[in-house]
Amino acid sequence: MSSLLEQLIEAFRILPGVGQKTAQRMAYHVLEREREGGRRLAAALAEAVERVGHCTRCRDFSETVVCATCASAARDAHQLCVVESPADRLAIEQATGYRGLYYVLQGRLSPLDGIGPREIGLDRLAERLAEGEVQELIIATNPTVEGEATAHYLAQIARQHGARPSRLAHGVPLGGELEYVDRGTLSHAFGSRSEMA
């Protein structure tokens, strides 16, 4: 193989879930059938890497200093939903009617990996809560060990600044059958049951 082809294959391998074989197929596909698409991909990637940064208010990806969501007067500034990643923010935005604002951690607490409160922007979140506008902090971290630890830390910060912490519900998926739900999920759902209206 030529060194350029090897470099292209290695470049594709930086993508999550892409191993040697998949990267090789992608590289061959671009060179055999999609050269124009490859040029568009290269141009879009180069421009995005250069121009997309982080919103100074919520830390989501943005081409501007303050993203469109944070700049919108139509959003409810009294509610702030904290998520681990931009993908989580997008999922909530697309699946719900939520009209508040967001704060994107870009990760979760993981002391063993050297990721503490400062690395995920909790100092900046505390400053934002200290402004006094946020009344409810909606904690939407993932139900993993690190996500739960992060959620507890977030709840403490919220209480310290007079905001009410709330947590997304976890449990049995809509349309799911109990016999197919894993033990941990079922146990959590059972322990978090609520009274029916």
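Residues numbered from 1 in each chain as written. Predicted model: local features only at pLDDT ≥ 70, side-chain atom pairs only at ≥ 80, totals over all residues. Heavy atoms only, no water.

*Asks:* Hey, could you run me through the layout of surface pockets in this one?
*Replies:* Any empty space left between atoms is shown by rolling a water-sized probe over those atoms. One number sums up the size of the largest pocket: a volume of about 380 Å³. Every residue lining the largest pocket is counted, 13 residues in all, and those nearest its centre are Leu8, Phe12, Gly38, Leu41 and Ala42. Going through the elements one at a time, α1 (3–12), α2 (20–33) and α3 (35–51) are the ones with two or more residues in the lining of the largest pocket. Per-element accounting of the lining of the largest pocket gives the leading share, six residues, to α3. As a volume, the second largest pocket reaches approximately 310 Å³. (1 Å grid on protein atoms, 1.4 Å probe; cavity = no way out; pocket = protein on both sides within 12 Å on 5 of 7 lines; lining within 4 Å. Points joined across faces, edges and corners; volume = space filled by probe spheres on them. Helix = DSSP H or I, 4+ residues; strand = E, 2+ residues; numbered from the N terminus.)

*Asks:* In this structure, what is going on with the environment of Ser85? I would like to understand it.
*Replies:* Along the polypeptide, Ser85 turns up in the loop between β3 (76–83) and α5 (86–95). Classification of Ser85 by relative accessible area gives partly exposed; the value is 21%. A sequence separation of 25 residues divides Ser85 from Asp60, and the C-alpha atoms of the two residues are 7.9 Å apart. (Buried < 20%, exposed > 50% of the residue type's maximum accessible area, 1.4 Å probe, protein only.)

*Asks:* Which parts of the structure should I look at to understand the packing of helix α6 (residues 122–130) against helix α7 (residues 145–160)?
*Replies:* Two packed helices can be described by the angle between their axes and the distance between those axes. Where α6 meets α7, the axes come as close as 10 Å, and the angle between the chain directions of the two elements is 30 degrees. As far as their axial angle goes, α7 and α6 are roughly parallel. With respect to the hand of their crossing, α6 and α7 are arranged in right-handed fashion. Residues Leu122, Leu125, Ala126 and Leu129 of α6 pack against Tyr153, Leu154, Ile157 and Ala158 of α7. When its residues are assigned to classes, the contact of α6 with α7 shows eight nonpolar, no polar and no charged. (Axes fitted to C-alpha atoms, helices over the stretch in contact; angles between N-to-C directions. Parallel < 35°, antiparallel > 145°, perpendicular 65-115°, else oblique. Left-handed = near helix turned anticlockwise from the far one by under 90°. Contact = heavy atoms within 4.5 Å. Nonpolar A, V, L, I, M, F, W, Y, C, P; charged D, E, K, R; others polar.)

*Asks:* Got a minute to help me understand α5 in this structure?
*Replies:* Residues that lie three or four places apart on an α-helix share one face, since the helix turns once every 3.6 residues. Where α5 is concerned, the buried positions are Pro86, Arg89 and Ile92. The buried residues of α5 occupy an angular sector of 125 degrees when the element is viewed end-on, so they sit on one face. Exposed and facing more than 90 degrees away from the buried side of α5 are Ala87, Gln94 and Ala95. Elements that come into contact with the buried residues of α5 comprise β2 (61–62), α4 (68–71), β3, β4 (100–104) and β5 (136–140). (Arc of directions from axis to C-beta.)

*Asks:* I would appreciate a short explanation of the side chain of Ser62 in the present structure.
*Replies:* Position of Ser62 relative to the elements: it lies in strand β2. According to the relative accessible area criterion, Ser62 is buried, its value standing at 7%. Among the polar contacts listed, one links the side chain of Ser62 to the backbone oxygen of Thr64, at a separation of 2.8 Å. (Polar contact = N/O pair within 3.5 Å; in protein donor to acceptor, adjacent residues only side chain to side chain.)

*Asks:* Would you explain the UniProt feature "zinc finger region: C4-type" (unreviewed entry) in the protein in this entry?
*Replies:* According to UniProt, the "zinc finger region: C4-type" (unreviewed entry) feature falls on residues 55–70. With 19% helix and 12% strand, residues 55–70 has its two end C-alpha atoms placed 8 Å apart. (UniProt positions renumbered as here; feature names shortened; annotations may be inferred.)

*Asks:* Even after reading the chapter, I still don't get the pairing of β3, so can you show me in this structure?
*Replies:* In summary, the side chains of a regular strand alternate between the two faces of the sheet. Here β3 runs beside β4; their pairing, made up of five bridges, is parallel. By the bridge assignment, Cys81 is partnered in β4 with Tyr102. Two elements, β3 and β5, share five bridges in a ladder whose sense is parallel. From the neighbouring strand, Val83 faces β5, where its bridge partner is Ala140. (Pairing = 2+ DSSP bridges.)

*Asks:* Would you explain α7 in this entry?
*Replies:* Over its 16 residues, α7 runs 23 Å from end to end, which matches the ideal 22 Å to within 8%, given 1.5 Å per residue. All of the buried residues along α7 are Gly147, Thr150, Ala151, Leu154, Ala155, Ile157 and Ala158. Angular distribution of buried residues about the axis of α7 spans 165 degrees; they occupy a single face of the element. For α7, the exposed residues lying more than 90 degrees away from the buried face are Val145, His152, Arg159 and Gln160. Positive backbone phi, approximately 75 degrees, marks Gly162, located one or two places after α7. (Expected span 1.5 Å × (residues − 1).)

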